[in-house]
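Coordinates in review
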Amino acid sequence: MSAIHDLSALDQGKAIRNGELSPVELTRHYLDRIDRLDAEVGAYVTVTAERAIAQARALEKALPDGPLAGVPVPIKDLNLVKDVPIMFGSGSYQGFVAPVDDTVVERLREAGTVMLGKTATPEFGLPCYTETSLSPPSRTPWDLTRSAGGSSGGAAAAVAAGLAPVAQGSDGAGSIRIPSSVCGLFGIKPTRGRISFAPIIPDLAGMSTNGPIARNVADAAALLDVMAHNNPGDLYLAPPQAGTFLECATRQPGRLRIARYAEPVVPGTEVDPEVMAAYEEASKTLAALGHEVVDIAPPFGPELVPRFVTLWYAFACMHPVADDRQETLRPLTRWLRERGFATPAPSFLQAQSALQLATRIALTVTNAYDAVLTPTVTQPPRPVGWFEEGDDPELTFERMKRFAAFPAIYNVSGQPAVNLPLYWTEEALPIGVMLAGRTGEEGVLISLSAQVEAYRGGFWGDRRPELW
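In this text, all values refer to a predicted model and were calculated from it rather than measured experimentally.

**Some points on the overall build of the chain**
The helix and strand tally for the chain stands at 15 helices and eleven strands. Computed over the C-alpha atoms, the radius of gyration of the chain is 20 Å, within 12% of the 23 Å expected from 2.2 N^0.38 for a compact globule of 468 residues. By its C-alpha atoms, the chain is 60 × 55 × 45 Å across when sized along the principal axes. The buried share of the chain, reckoned over its 468 residues, is 64%. The contacts in the chain between residues at least 6 apart in sequence include a share of 79% that link residues at least 24 apart. When the accessible surface of the chain is split by element, carbon and sulfur atoms take 52% of a total near 17,300 Å². Considering the chain, the positive charge centre built from 40 side chains and the negative charge centre built from 53 side chains are found 3 Å apart.

Here you go:
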């Protein structure tokens, strides 16, 4: 290996346990890369260098058991880390310091991971691109003129640029899978209820969940093992997992029945030919591995899009904003909040009810298969600024819906879903494909993804972004 950051997160953890690498050495390596490269990438909104070194020094004295002990894992700036500023991607929260840890942050600390800082996220996690008033845009390292996606755009940019070995993200409408696609990474949206949002962030409609972002399947599975937990008061509980998710990455999946479709649910959406090429290549790979691949009609219909949009308007209103800071909000956020505050409670409940009914019907279709293959997004990575061209929030929102027409379906249903980084265009732009599974069966998706990864000789192979 030419550099420490070439090692996988699991290999870094092994090197630490064997005494070949120290937590401080590893942490300093990433802090140095962040200092040199992050101005170009826009991965971090806050770097906690002193805190990270202090954590690493403590781990050199007492290293807990576990495959990721001593390994850096940054936290998305939608998650609370006690005594560290949290801005939720919004200028309206500048100066706010988190009073407590999210329990997922506690789990990561107990596992011996080191927090390098907070990764950038768009305002309140609402857009599928990461451009804010707080820090430079998050860019995919494969082409620094293009967006890293969102809302876990900073997390994905950090991993793809070698500014972190793995990262914690969260996903409410594709926010792990979208940036994983445009940054060429493996990302997991777990089953609803797999990872608690305690103690403060509510579960509500169960659309959002934390999850891992990594360059390979085993690293993501190990991080999911650390993150998975529940707390008293959680509204949702995922079915229990037998064994560890990391063990699933070493297990053959057997011959599976895999459904596929590529018709977007959002009316008027066109799927780029390069995206279709990625989808067809993934289908051929799955068939070559001996799996049965079957075409199906989309399990959700376009009539549900307005119902989902109603919920999204309301979710934009969840963060309180002081009257004297309203003008700091970005135009899209203000536009969404205006519509959210104008939505009557019965309309919200009717929308949620319609989505639950649709889920019950859709699962009778998808549960007949071990996995469902679709594109992740409808286009290759978009240029920075593309979503907001024209300064029209309604047009921006329409572009978001059409770009991310596939992933939100599985936030509605609560099923696990992953992004597989299988395809690069002739311009060396990554395009992912998505696999969704039955509720509670992340392990099947992990086993299948690991099989595909091995068959393809590793997701990245010899590829590296130029700044790597």
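**Some words on the pairing of strand 11 (residues 430-437)**
Taken across its eight residues, strand 11 has eight buried, putting it largely inside the fold. Looking at chain direction, strand 9 (residues 371-375) and strand 11 are connected through five bridges and run antiparallel. Residue pairing for strand 11: T374 is matched across the bridge by M434. Sheet topology note: the strand 10 (residues 417-424)/strand 11 ladder contains six bridges and is antiparallel. Considered in strand 11, the bridge of A417 is made with A436.

**Brief notes about the nonpolar core**
In this structure, L163, F397, L435 and I446 are the most contacted members of the largest nonpolar core, which totals 151 residues. Every residue in contact with F397, bar those within four places of it in the chain, is listed here: V309, W312, Y313, L332, W335 and L336. With five residues, the next largest nonpolar core counts A52, A56, L59 and V114 among its residues.

**Looking at the environment of G243**
With respect to the helices and strands, the residue G243 is situated in the loop between helix 7 (217-227) and helix 8 (245-248). Spatially, the C-alpha atoms of G243 and G443 are 9.4 Å apart, while their sequence positions differ by 200 residues.

**Let's talk about the state of the cysteines**
Using the criterion set out here, one finds zero disulfides in the structure. Its sulfur unpaired, C183 is 13 Å from the next cysteine sulfur, which belongs to C128. Free of any disulfide, C317 has its nearest cysteine sulfur in C128, 19 Å distant. Overall, the relative accessible area of 16% leaves C317 in the buried class.

What counts as what
Residues numbered from 1 in each chain as written. Predicted model: local features only at pLDDT ≥ 70, side-chain atom pairs only at ≥ 80, totals over all residues. Heavy atoms only, no water. Helix = DSSP H or I, 4+ residues; strand = E, 2+ residues; numbered from the N terminus. Rg over C-alpha atoms; globule rule 2.2 N^0.38 Å. Buried < 20%, exposed > 50% of the residue type's maximum accessible area, 1.4 Å probe, protein only. Contact = heavy atoms within 4.5 Å. Areas by Shrake-Rupley, 256 points an atom, 1.4 Å probe, with all protein chains shown as cover. Lys, Arg positive; Asp, Glu negative; His and termini not counted. Charge placed at Lys NZ, Arg CZ, Asp CG, Glu CD. Pairing = 2+ DSSP bridges. Core = buried A, V, L, I, M, F, W, Y, C linked by side-chain atoms within 4.5 Å. Disulfide = S-S within 2.5 Å.

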